[in-house]
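What follows is the residue order along each chain.
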Amino acid sequence: QVHLVESGGDSVQAGGSLRLACAASGLNFRLFPISWYRQAPEKDREYVASITAAGSTNYTDSVKGRFTISRDNVWNRTYLQMNSLKPEDTAKYYCRVTYASRNYWGKGTQVIVSS
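Residues numbered from 1 in each chain as written. Predicted model: local features only at pLDDT ≥ 70, side-chain atom pairs only at ≥ 80, totals over all residues. Heavy atoms only, no water.

Looking at the overall build of the protein
Scanning the protein from terminus to terminus reveals 0 helices and 11 strands. Moving toward the C terminus, one meets the helices and strands of the protein in the order β-β-β-β-β-β-β-β-β-β-β. If one aligns the C-alpha atoms of the protein with their principal axes, the spans along those axes are about 40 × 25 × 20 Å. Classification of the 115 residues of the protein by burial places 40% in the buried group. Sequence separation of at least 24 residues holds for 53% of the intrachain contacts in the protein that already meet a minimum separation of 6. With the model as given, the accessible surface of the protein reaches about 6300 Å², and the carbon-plus-sulfur share is 45%. Side chains of the protein carry 14 positive and 9 negative charges; the gap between the two charge centres is 8 Å. (Helix = DSSP H or I, 4+ residues; strand = E, 2+ residues; numbered from the N terminus. Buried < 20%, exposed > 50% of the residue type's maximum accessible area, 1.4 Å probe, protein only. Contact = heavy atoms within 4.5 Å. Areas by Shrake-Rupley, 256 points an atom, 1.4 Å probe, with all protein chains shown as cover. Lys, Arg positive; Asp, Glu negative; His and termini not counted. Charge placed at Lys NZ, Arg CZ, Asp CG, Glu CD.)

Pasting the structure below:
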């Protein structure tokens, strides 16, 4: 059973930093790309960043230069380092993996950025 657990969310002031983590179990983690998404109140869930099994990364334009995604294949974790946070980054952040043609999501971690 694939299981994802996000952590690291908090309330911070604009300009601050947070590091989110996503712990994965139930799959050979190193073989799979992992993505981060976020969902703000009353908005659709949106893509934030992803990292392939080989370590290639991709970001949505609004976070480029501020967020960094990484992975630790020893501890089966993916990280999202978020710097220069803005109020518009306020959302619940989720990690996702596609395994056996099914998308698995964690329950999310809340990030609140105040101005």
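A look at the sheet that holds strand β1 (residues 3-7)
Overall, antiparallel pairing links the 4 strands, which are arranged β1-β3-β8-β7 in an open sheet. On the outer flanks of this sheet lie β1 and β7 (67-72), each paired with one strand and no other. With strand direction ignored, the average angle separating the axes of adjacent strands in the sheet is 15°. With 5 bridges joining them, β1 and strand β3 (residues 18-25) adopt antiparallel strand pairing. Looking at the pairing, E6 lines up with C22 of β3. (Pairing = 2+ DSSP bridges. Axes fitted to C-alpha atoms, helices over the stretch in contact; angles between N-to-C directions.)

Focus: the state of the cysteines
Summed over the entire model, instances satisfying the criterion amount to 1 disulfide. Between C22 and C95 runs a disulfide, and the two sulfur atoms are separated by 2.0 Å. As the torsion about the S-S bond is roughly 65°, the C22-C95 disulfide counts as right-handed. Here C95 lies in strand β9 (residues 91-99) and C22 lies in strand β3, a separation of 73 residues in the sequence. In this pair, the class of C22 matches that of C95, namely buried. (Disulfide = S-S within 2.5 Å.)

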